[in-house]
Amino acid sequence: MKKNILAISFFTLCLKLCIAQSILTESYNLMPWPQDISENTAKFIINSDVTISLSSDDSDRVRNAAVIFLRRLSNRTGVFLNEGFPLKERKGNIQIIYKTHAPLNIKTDESYTLTVNDSLVQINANTDIGALRGLQTLLQLITNSETEYYFPGVNITDSPRFVWRGLMIDVSRHFHPVHVIKRNLDAMASVKMNVFHWHLTDDQGFRIESKVYPKLQSKASDGLFYTQEQIKEVVAYANLLGIRVIPEIDVPGHASAILSAYPELGSLPDYNYSIERFAGVFHPTLDPTNELTYEFLENLFTEITPLFPDDYFHIGGDENEGKHWTENKAIEQFKTEHNLKTNHDLQTYFNIRLEKTLNKLGKKLMGWDEIMTPGMPTSAVIHSWRGENEGLPNGGSLIKAAKSGYQTVLSNGFYIDRMLSVDHHYSIEPIGDIALTPEERERVLGGEATMWSELVTPLTIDSRIWPRTAAIAERFWSAKEIRDLEHMQKRLAVISYQLEEQGITHIKNRAVILRSMTNNQDISALQELSNICEPLKVYSRNKDGIEYKTFSPFNLFADACIVDAKDALSFNKAVIAFQKEDTKSAQQAVLHFLKQWQVNYSNFSKLTLNPKISALEPLSKHLSKTSGLLLKCFEAQKVSTHDLDDLNTSLEVLKQEFMDTEVVIVAPLEILITYCKTNFQTR
Ligand code: ACM
């Protein structure tokens, strides 16, 4: 009996400790969340005596990371360090200890441990890449009180759940110069992402210099391409950050640009190939029955594969129905002769030939999931992107690929250009509850967020990638069980500002766009509106691809708006809280927003209008009107039928699209109107 009581109190103590600990550690703004974290009572004060030492100086990566770390540490804390560069051996009070300089591949050991004591911080890793990941965690641990900055005492043991944690950037639809790529690589490294998938070619432009086929850049890029030296520079930069670079040359479809330079490789001899200016899926396709096509691709791949040391090479392969193949009698004849029944069979024939070429060049062929056809060797890698099929989650093709023997990477669910909320992406579980054998599980390499760039330019790309991609990075790194939305959102808000500190322009460029829209007037009225409007979702901006061309303006109101509009999120939460608990303070939180929006119209009315902002006038006016009427109801505790009619009329206006955005507070406004009607209605 006594033993039992002892056991129970020990259990209670453990439970209390665990809860206390989880509350403490949950206050840290770490992203991705580490596999194991516990707190100790220490506090490492950040003062001018902080020094970093490296156990060896054979890794350029660690030296580079340590120098950047010290710069960010002193900037963030305002501490004037006595020594701003790393020391040798174990002389620093921050010690980075690693054993080997790792090659970058899917086997790279990225694990590390991090311990913070009163006088010593140690990062221990098997490889320099692990050390890099640990340094990023340490940067996220910087904490302060009123009087000092410090690292809280922790013991962390960490390693990734998936070996492939990628971001794809499409530089064809809109070109993104080297400095844009580099700042995004920095951001990726800060959230421990390790694969940059570079979508270099598409219908709208071929973006890499070829010395063997120079018309690719002279005729198919509008002069917007990377020189081979620039490619090397980016690959080296990524390598320093522990990021692999996977190039994509998308064939045989998405080939308008290639064919504008080399029409003789096209499937229709008389077709007038040109660089595509619109967005969508187009028919120009390489001719897979022409030996010149294979000669061209072999020469091109032979030229460019040495620029990309990674083992994997992406050939696209998506969205080709072979319309031009069907229209060409000679190609149809070829299909008959080779017993290729469908255009998909013909594409498989093409893919298999490409795979042989790439294998000869030491590369593994990767392609979008269309390449997973009967007959495709399992040495290919399947990039899952399409919707659910066969009752399987997350694109289906991921699980099907893993079960069929292919290595596979998931992007279905992580299409950040669909402009869906961070909660949506964060809630996608790559494997779901599907039972996989250990071998099948190992084939699921991880995932990639995809930044298709039809509607983004260097001015806006950061605000489409970040901060949502930081949460996606966590999905790929952290344990499956780490999925609390509120905890993620709280941490993401902090990480978002740290991304800006690091050079990402997702916050500041919104104001840049609004200043440009107003010809440098006071932008506060537009800022208020942009905090409750979101760009149209799931490709409904530029429906059918005909409204915007590649050279259309992308500094419009929609470009200043972002997913997860800040005030809309807070207002939604406030209204839900008020619905749950009809208290004075819950009501005040709601009314606070209504007051803000009511007065905003007078602010908006002071603007000298121009065509870029005039269309927002009804939005501002009816938002003010709705807010004012709701305030009146709450203050008077009554509402007339006439006011309710006016409320409904204004709400109908707010349901419209405004300059390619939607007002994302309509639902909570409806809740408030219903509340007024139910509780306050008079005749
Ligand atoms: C794709 O989104 N077409 C791979």
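These numbers come from a predicted model, not from an experiment.

Caption draft 1: Structural context of the environment of Thr 649. Within the secondary structure, Thr 649 sits in helix 25 (residues 641-654). Thr 649 sits in the partly exposed class, given a relative accessible area of 49%. Separated by 506 residues in sequence, Thr 649 and Thr 143 place their C-alpha atoms 49 Å apart. There is a polar contact of 2.8 Å between the side chain of Thr 649 and the backbone oxygen of Asp 645.

Caption draft 2: Broad picture of the side chain of Asp 559. The residue Asp 559 is located in helix 20 (residues 557-560) in this model. In this structure the side chain of Asp 559 is engaged in a polar contact, spanning 3.3 Å, whose partner is the backbone nitrogen of Asn 555. With residues near it in sequence (within four places) discarded, Asp 559 still touches Leu 455, Thr 460, Arg 464, Ile 513, Arg 541 and Phe 554.

Caption draft 3: Local environment of the side chain of Glu 248. Within the element layout of this structure, Glu 248 appears in strand 13 (residues 244-248). No salt bridge is formed by the buried Glu 248; the nearest opposite charge belongs to Arg 173, separated by 8.3 Å. One polar contact links Glu 248 to His 197, side chain to side chain, over a distance of 2.7 Å. Apart from residues lying up to four places away in sequence, Glu 248 is in contact with His 197, Trp 198, His 199, Leu 200, Thr 201, His 314, Gly 316 and Trp 368.

Caption draft 4: Geometry of the state of the cysteines. In the structure shown here, the tally under the stated rule is zero disulfides. Residue Cys 561 stays outside any disulfide, its sulfur separated by 5.3 Å from that of Cys 533, the closest cysteine. Residue Cys 561 is classed as buried on the basis of its relative accessible area of 0%. Of all cysteine sulfurs, the one in Cys 633 lies closest to Cys 676, which takes part in no disulfide; the gap is 3.9 Å. A residue is classified by how much of its surface remains accessible, and Cys 676, at 0% relative accessible area, is buried.

Caption draft 5: Representation of the pattern of salt bridges in the model. If you walk through the whole model with that rule in mind, you get 32 salt bridges. For Arg 72, the salt bridge is made with Glu 501, and the minimal N-O distance between the two is 3.0 Å. On the criterion of sequence distance, the pair formed by Arg 72 in helix 2 (residues 60-77) and Glu 501 in helix 17 (residues 485-501) is long-range, its members being 429 residues apart. Residue Arg 72 is classed as buried on the basis of its relative accessible area, which comes to 11%. Across the pair Lys 655 and Glu 670 runs a salt bridge, and its minimum N-O distance is 3.1 Å. Placement of Lys 655 in the loop between helix 25 and strand 20 (657-658) and of Glu 670 in helix 26 (residues 666-680) is noted, with a sequence separation of 15 residues between them. Judged by relative accessible area, which is 42%, Lys 655 ranks as partly exposed. Linked by salt bridges that have partners in common, Asp 170, Arg 173, Asp 202 and Glu 454 make up one network.

Caption draft 6: Geometry of the pairing of strand 18 (residues 444-451). Burial runs high along strand 18: eight of the eight residues are buried. With six bridges connecting them, strand 9 (residues 164-170) and strand 18 associate as parallel partners. In the strand pairing of strand 18, Arg 165 is matched with Gly 447. As paired strands, strand 17 (residues 407-410) and strand 18 are joined by three bridges and run parallel to one another. Paired with Thr 408 across the two strands is Val 444, which belongs to strand 18.

Caption draft 7: Up close: the sheet that holds strand 19 (residues 533-535). Strand order in the open sheet made by the three strands is 19-21-20, with antiparallel pairing throughout. Looking along the sheet, the strands with just one partner apiece sit at the ends: strand 19 and strand 20. Sheet topology note: the strand 19/strand 21 (residues 661-663) ladder contains three bridges and is antiparallel. From the neighbouring strand, Pro 535 faces strand 21, where its bridge partner is Thr 661.

Caption draft 8: Local environment of the packing of helix 22 (residues 584-605) against helix 24 (residues 617-636). In the contact formed by helix 22 and helix 24, the axes pass within 8 Å of each other and the chain directions differ by 140°. Between helix 22 and helix 24, the angle falls in the class oblique. As helix 22 runs across helix 24, the sense of the crossing is left-handed. The residues of helix 24 that touch helix 22, namely those facing Gln 587, Leu 591, Leu 594, Lys 595, Trp 597, Gln 598, Asn 600, Tyr 601 and Phe 604, are Glu 617, Ser 620, Lys 621, Leu 623, Ser 624, Ser 627, Gly 628, Leu 630, Leu 631 and Phe 634.

Caption draft 9: Looking closely at the nonpolar core. Leu 167, Phe 196, Trp 198 and Trp 466 are the most contacted members of the largest nonpolar core, which totals 92 residues. Aside from chain neighbours lying at most four places away, what touches Trp 198 is Ile 169, Val 171, Ile 181, Tyr 226, Ile 231, Val 234, Val 245, Ile 246, Pro 247, Glu 248 and Phe 308. Formed by 53 residues, the second largest nonpolar core is a distinct cluster that contains Leu 616, Leu 631, Phe 658 and Val 663.

About the cut-offs
Residues numbered from 1 in each chain as written. Predicted model: local features only at pLDDT ≥ 70, side-chain atom pairs only at ≥ 80, totals over all residues. Heavy atoms only, no water. Helix = DSSP H or I, 4+ residues; strand = E, 2+ residues; numbered from the N terminus. Buried < 20%, exposed > 50% of the residue type's maximum accessible area, 1.4 Å probe, protein only. Polar contact = N/O pair within 3.5 Å; in protein donor to acceptor, adjacent residues only side chain to side chain. Contact = heavy atoms within 4.5 Å. Lys, Arg positive; Asp, Glu negative; His and termini not counted. Salt bridge = Lys/Arg side-chain N within 4 Å of Asp/Glu carboxyl O. Disulfide = S-S within 2.5 Å. Pairing = 2+ DSSP bridges. Axes fitted to C-alpha atoms, helices over the stretch in contact; angles between N-to-C directions. Parallel < 35°, antiparallel > 145°, perpendicular 65-115°, else oblique. Left-handed = near helix turned anticlockwise from the far one by under 90°. Core = buried A, V, L, I, M, F, W, Y, C linked by side-chain atoms within 4.5 Å.

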